[in-house]
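Below are the chains, spelled out letter by letter.
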Amino acid sequence: MCSAMREKGSVTEASKPKKAFLRVLAGETLSPPPVWLMRQAGRYLPEYRETREKAGGFLDLCYTPDLAVEVTLQPLRRYNFDAAILFSDILVLPHALGRSVSFKVGEGPVLDPIKSEADIAGLDPEGIATRLKPVLETVSGLARAIPETTALIGFAGAPWTVATYMLEGGSSKDFAEAKAMMFGQPALFARLMETLVEATSRYLIAQIDAGAEAVQLFDTWAGVLPETYFRQWVIGPIGEITRRIHTERPGVPVIGFPKGAGLLAEEFVKETGVDGIGLDATVPVRWAAKTLQPHCAVQGNLDPLLLVTGGSAMETAVREIREALEHGPFIFNLGHGIVPPTPPENVAHLMDLLRRPL
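Residues numbered from 1 in each chain as written. Predicted model: local features only at pLDDT ≥ 70, side-chain atom pairs only at ≥ 80, totals over all residues. Heavy atoms only, no water.

Enquirer: Can you lay out the overall build of the protein for me, pointing to particular residues and giving the numbers?
Expert: From N to C terminus, the protein includes 18 helices and 9 strands. In terms of C-alpha radius of gyration, the protein reaches 19 Å, essentially the compact-globule figure of 21 Å for 358 residues. With the C-alpha coordinates aligned to their principal axes, the bounding extent of the protein is approximately 55 × 45 × 40 Å. Sorting the 358 residues of the protein into buried and exposed places 57% on the buried side. Expressed as a percentage of contacts within the protein between residues at least 6 apart in sequence, the contacts between residues at least 24 apart total 74%. Working note: accessible area of the protein is about 14,500 Å², and carbon and sulfur atoms make up 51% of it. (Helix = DSSP H or I, 4+ residues; strand = E, 2+ residues; numbered from the N terminus. Rg over C-alpha atoms; globule rule 2.2 N^0.38 Å. Buried < 20%, exposed > 50% of the residue type's maximum accessible area, 1.4 Å probe, protein only. Contact = heavy atoms within 4.5 Å. Areas by Shrake-Rupley, 256 points an atom, 1.4 Å probe, with all protein chains shown as cover.)

Here it is, written out as structure tokens:
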């Protein structure tokens, strides 16, 4: 059982969180629900595009605290979300571990791929907080700048998803290199994953110490793994990171986002101890209400392209999600991140819908 549900009865009134987003992660049911959107700071906003142009490269934007704070705040000024999420990228972690990372227009991330035992031996998680100091300065700046009612979310990529980028050298359609090591060199793959668990734990705890009030682990490629490997390399690492955070920084909630988990989502929430689970757009919401919500808060799961379309199709989907999930701890979000063609006025309309009672 997730920690928020397990410990709910022992929380005193004085110790209860005051922010709506954190209250839900502590097990409360709120209607209307709190809301934030993955990639709520991004290319769909003209002010983001202007700031991005000033920064130069994408990593320059991630590593310039003043600009990263600014783009994080931009959607809050427009839409009054209940949470802000640190503007950064999951690939700053392999960059901090010493791997070459760049972002090329029209191509996406490009990494120097890991090919050998020596490459893995050269990864050093000890200095993560020092190497990612600009990101942590952004967290501190946001903690001072966001409204009092807004929660601050830190994040990292989950070890399996980060490993795929490190082994493939970027995005992939079949994950052939990552699976080749996982299937064919299991001991070597385990060493890489152990390093990533250690580095990710250190990184998230440093974000918490800088001011993050909750953290989310993005396992974007969880759904490409067979069942046995999902248990080993999605549930196992996220469970270990969650245990470390709950032990070392008690009271800070962890959200897992195992995209594509399907029926394994139930085992995921029971075995990892997360306080919330992000649902992708394929998850049946009534199944989630019955199967997942008794164990932890659920978050999601509007299809991002419905936000592009807007109109009655979006309105119907929003109503169906709320009717299914609003009777338990629930945070409204998308099933994945906002896409660049999204009209900002559709986000404004979504927020108007969500601030109304059912």
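Enquirer: I'd love a proper account of empty space enclosed by the protein, names of residues and values included.
Expert: This structure, assessed with the given rule, holds 1 cavity of 30 Å³ or more. By volume, the largest cavity is sized at about 40 Å³. Looking at side-chain class alone, the lining of the largest cavity contains 6 nonpolar, 2 polar and 1 charged residues. (1 Å grid on protein atoms, 1.4 Å probe; cavity = no way out; pocket = protein on both sides within 12 Å on 5 of 7 lines; lining within 4 Å. Points joined across faces, edges and corners; volume = space filled by probe spheres on them. Nonpolar A, V, L, I, M, F, W, Y, C, P; charged D, E, K, R; others polar.)

Enquirer: Break down the layout of surface pockets for me, citing the residues and quoting the values.
Expert: One water molecule sets the probe size; rolling that probe over the atoms shows where empty space is left. Estimated volume of the largest pocket: approximately 1,200 Å³. Taken together, the residues of the lining of the largest pocket sort by class into 20 nonpolar, 10 polar and 5 charged.

Enquirer: With reference to specific residues and values, describe the side chain of Gln-216.
Expert: Tracing the backbone through its elements, the reader meets Gln-216 in strand β5 (residues 214–219). What Gln-216 contacts, discounting residues up to four positions off in sequence, is Trp-36, Met-38, Ile-153, Gly-154, Phe-155, Ala-156, Ile-255, Phe-257 and Gln-299.

Enquirer: Any chance you could break down the UniProt feature "domain: Uroporphyrinogen decarboxylase (URO-D)" (unreviewed entry) in the protein for me, citing the residues and the numbers?
Expert: In the numbering adopted here, UniProt assigns the feature "domain: Uroporphyrinogen decarboxylase (URO-D)" (unreviewed entry) to residues 34–43 and 153–169. Measuring from the first to the last C-alpha atom of residues 153–169 gives 28 Å, for a span that is 59% helix and 29% strand. (UniProt positions renumbered as here; feature names shortened; annotations may be inferred.)

Enquirer: Let's hear about the pairing of strand β4 (residues 151–157): which residues, and what values?
Expert: Among the 7 residues of β4, 7 are classified as buried, and the element is accordingly described as predominantly covered. Residues Ala-151, Ile-153, Phe-155 and Gly-157 point to one face of β4 and Leu-152, Gly-154 and Ala-156 to the other, with burial holding for every one of them. Pairing analysis gives 5 bridges linking β4 to β5, with the strands arranged parallel. The partner of Gly-154 across the bridge, within β5, is Val-215. (Pairing = 2+ DSSP bridges.)

Enquirer: Account for the packing of helix α11 (residues 176–184) against helix α12 (residues 186–210), naming residues and giving values.
Expert: With their axes 5 Å apart at the nearest point, α11 and α12 run at an angle of 115° to one another. In this structure, α11 uses Ala-178, Met-181, Met-182, Phe-183 and Gly-184 to contact α12, whose residues at the interface are Pro-186, Leu-188 and Phe-189. The class makeup of the residues in the contact of α11 with α12 is 7 nonpolar, 1 polar and no charged. (Axes fitted to C-alpha atoms, helices over the stretch in contact; angles between N-to-C directions.)

Enquirer: So, the UniProt feature "site: Transition state stabilizer" (unreviewed entry) in the protein: which residues are in play, and what are the values?
Expert: The UniProt feature table records "site: Transition state stabilizer" (unreviewed entry) at Asp-89. Relative to the helices and strands, Asp-89 resides in the loop between β1 (83–85) and α6 (92–96). Setting aside residues up to four positions removed in sequence, Asp-89 forms contacts with Phe-58, Cys-62, Phe-103 and Phe-155. Looking at Asp-89, its side chain comes within polar contact range of the main-chain nitrogen of Leu-91, at 2.9 Å. (Polar contact = N/O pair within 3.5 Å; in protein donor to acceptor, adjacent residues only side chain to side chain.)

Enquirer: With reference to specific residues and values, describe the sheet that holds strand β8 (residues 297–302).
Expert: Strand order in this open sheet of 7 strands is β1-β4-β5-β6-β7-β8-β9, and the pairing throughout is parallel. The sheet terminates laterally at β1 and β9 (330–334), the two strands that pair on one side only. Taking the axes of each pair of neighbouring strands and ignoring which way they run, one obtains an average angle of 25° across the sheet.

Enquirer: Please give an account of unusual backbone geometry that cites residues and values.
Expert: At the junction of Ser-31 and Pro-32, the peptide bond is cis and its omega measures out at -5° in the coordinates. Tracing the chain through its elements places Pro-32 in the loop between α2 (20–25) and α3 (46–55). For the bond from Gly-300 to Asn-301, the omega torsion is -10°, close enough to zero to count as cis. With respect to the element layout, Asn-301 can be found in strand β8. One non-glycine residue, Asn-80, lies in the positive phi region at around 55°. Checked against the element boundaries, Asn-80 lands in the loop between α5 (65–79) and β1. Taking the relative accessible area as the measure of exposure, Asn-80 reaches 47% and is therefore partly exposed. The phi dihedral of Phe-175 falls on the positive side, at around 55°, and the residue is not glycine. Inspection of the secondary structure assignment puts Phe-175 in the loop between α10 (159–168) and α11.

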